[in-house]
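Architecture at a glance
Single-letter residue listing:
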Amino acid sequence: MMPTALVTGATQGLGRALAEALAVRGWDLVVTARDADRLAETVSALGGHGHDVVGLAGDVSDAVHRDDVAHVVTGPAGPDGLDLLVHNASTLGPLPLRPLRDLTTDDLAAVLAVNVVAAHALTCSLLPSLEATGGTVLAVSSDAGVEHYETWGAYGASKAALDHLTLTLGAEVPSIRAYALDPGDMRTAMHQAAFPGEDIGDRPLPEEVAVPGIMALLASRPASGRYRAAELLAATSGVAS
């Protein structure tokens, strides 16, 4: 039986690249994203590798959507267990990015709802399924969660909170692995949105560093903790980062 992964925010950027890497390796997939048309195209492309791919369009901050996702994974027609849960869906918050003094409480609440609360709720719903396989929770983090960049306060705070929840989960449930993974700067639409009008062509594509680093992490399954993709990739290639 092939392993099963759930990837949120799977239609572009790191989520799409990671889903493709898992598909090539024969994983069964459940993928989610907000754009239904883009999700349908993604499911079609991933399904070309000859395994099961299920797509559910919706926003992870919507409790009804999360319930639908959990039902697909844990229902009678779903897999016997979930091997990997990837919290990739994320929002920067209102654009252009702005100082905290210009951020409303509603703005902050909306960022936390997507980046923290939704991930926690989905993890809790799927934890029995993850425990059944000794599976892995992978939360996509950011250096903004440990550094203090001007105008990145809401996003950074959300990633710091997500890191903390993820690593606490690893301490509380030792039968699974729980990772906060910093993918590093990437050439993605989300990163471009944070730097409007700037050339981000010097950043690597997700499949160049972040995805190989994640695959190295999943292959080695070290202790639960916070890791950087570049360091994981360097360790497997024998090149200092």
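In what follows, the accompanying structure is described. In this text, all values refer to a predicted model and were calculated from it rather than measured experimentally. (Residues numbered from 1 in each chain as written. Predicted model: local features only at pLDDT ≥ 70, side-chain atom pairs only at ≥ 80, totals over all residues. Heavy atoms only, no water.)

1. Let's talk about the overall build of the protein chain
This is how the line gets drawn: Only DSSP runs of H or I covering at least 4 residues are called helices, and only runs of E covering at least 2 are called strands; the numbering of each starts at the N terminus. Throughout, radius of gyration means the C-alpha value; the globule benchmark is 2.2 Å times the number of residues raised to the power 0.38. Using a 1.4 Å probe, accessible areas were evaluated by the Shrake-Rupley method; residue-level cover was limited to the displayed protein chains. Counted charges follow a simple rule, with Lys and Arg positive, Asp and Glu negative, and His plus the chain ends left uncounted. Charge positions are represented by NZ for Lys, CZ for Arg, CG for Asp and CD for Glu.
In terms of helices and strands, the protein chain carries eight helices and seven strands. Against the 2.2 N^0.38 benchmark of 18 Å for 241 residues, the protein chain shows a C-alpha radius of gyration of 17 Å, consistent with a compact globule. Dimensions of the protein chain, computed from C-alpha atoms along their principal axes, come out at roughly 50 × 45 × 40 Å. A total accessible area of about 11,200 Å² is found for the protein chain, and carbon and sulfur atoms account for 54% of it. Taking the 14 positively charged and 29 negatively charged side chains of the protein chain as two groups, their mean positions are separated by 3 Å.

2. Points about the layout of surface pockets
Gaps left between atoms are located by rolling a probe of water-molecule size over the structure's atoms. Test applied: Of the grid points, spaced at 1 Å and generated over the protein atoms alone, those admitting a 1.4 Å probe that cannot get out make up cavities, while open sets with protein on both sides within 12 Å along at least five of seven lines make up pockets; any residue with an atom within 4 Å of a point is treated as lining. Grid points are joined across faces, edges and corners, and a volume is the space filled by probe spheres set on the points. Any residue outside Ala, Val, Leu, Ile, Met, Phe, Trp, Tyr, Cys, Pro, Asp, Glu, Lys and Arg is labelled polar, Gly included; the first ten of those are nonpolar and the last four are charged.
A volume near 910 Å³ is recorded for the largest pocket. Around the largest pocket, the lining comprises 43 residues; the ones closest to its centre are Asn88, Ser90, Thr91, Thr188 and Met190. At the level of secondary structure, the elements contributing two or more residues to the lining of the largest pocket comprise helix H1 (13–24), strand E2 (28–33), helix H5 (153–172) and helix H6 (189–194). Among the elements that take part in the lining of the largest pocket, H6 stands out by supplying four residues, more than any other. Among the residues forming the lining of the largest pocket, the class breakdown is 18 nonpolar, 16 polar and nine charged.

3. Observations regarding the pattern of salt bridges
Cut-off, in case you're wondering: Criterion for a salt bridge: a side-chain nitrogen of Lys or Arg within 4 Å of a carboxyl oxygen of Asp or Glu. Only protein chains enter the calculation, and the probe is 1.4 Å; a residue is then buried if its accessible area is under 20% of its type maximum, exposed if over 50%, and partly exposed in between.
Within the structure shown, the criterion is met by five salt bridges. The partner of Glu20 in a salt bridge is Arg16, and the shortest N-O contact between them spans 2.8 Å. Here the residue Glu20 and the residue Arg16 both occupy positions in helix H1, the gap between them amounting to four residues, near one helical turn. With relative accessibility at 32%, the residue Glu20 sits in the partly exposed group. Judged by relative accessible area, which is 14%, Arg16 ranks as buried. The salt bridge involving Arg228 is made with Glu231; its shortest N-O contact spans 2.9 Å. Its relative accessible area of 40% is what places Glu231 among the partly exposed residues. Shared partners join several salt bridges into a network, and the residues in it are Arg16, Glu20 and Glu41.

4. Quick notes on helix H4 (residues 105–133)
Threshold: Helix span is expected to be 1.5 Å times the residue number reduced by one. Fitting axes to the seven residues that end at a residue and to the seven that start at it, the angle between those axes gives the bend at that residue.
Across its 29 residues, H4 extends 39 Å between first and last C-alpha, which sits within 8% of the 42 Å expected from 1.5 Å per residue. Where H4 bends most, at Leu126, the angle is about 55 degrees, and the proline Pro128 comes one to four residues later. Directly after H4, the chain includes Gly134, whose backbone phi takes a positive value near 65 degrees.

5. A few points about helix H8 (residues 229–237)
In an α-helix, one full turn covers 3.6 residues, which means residues spaced three or four apart are oriented alike. Condition: The contact criterion used is simple: two residues touch if any of their non-hydrogen atoms lie within 4.5 Å.
Turning to H8, its buried residues number three or more, namely Ala229, Leu232 and Ala234. Buried residues belonging to H8 abut strand E6 (177–182), helix H7 (210–220) and strand E7 (225–228).

6. A closer look at the pairing of E2
A regular strand places its side chains so that they alternate between the two faces of the sheet. This is how the line gets drawn: For two strands to pair, DSSP has to find at least two bridges joining them. By convention a crossover is right-handed if, when the strands point away from the viewer, the path from the first strand over the helix to the second runs clockwise.
Taking burial as the measure, the six residues of E2 include six buried ones, the bulk of the element. Because side chains alternate across E2, one face comprises the buried residues Asp28, Val30 and Thr32, and the other comprises Leu29, Val31 and Ala33, equally buried. For strand E1 (residues 4–8) and E2, the ladder comprises five bridges, and the chain directions are parallel. Note on E2: the bridge partner recorded for Val7 is Val31. Handedness of the E1-H1-E2 crossover: right-handed. Where E2 and strand E3 (residues 53–57) come together, five bridges link them in parallel fashion.

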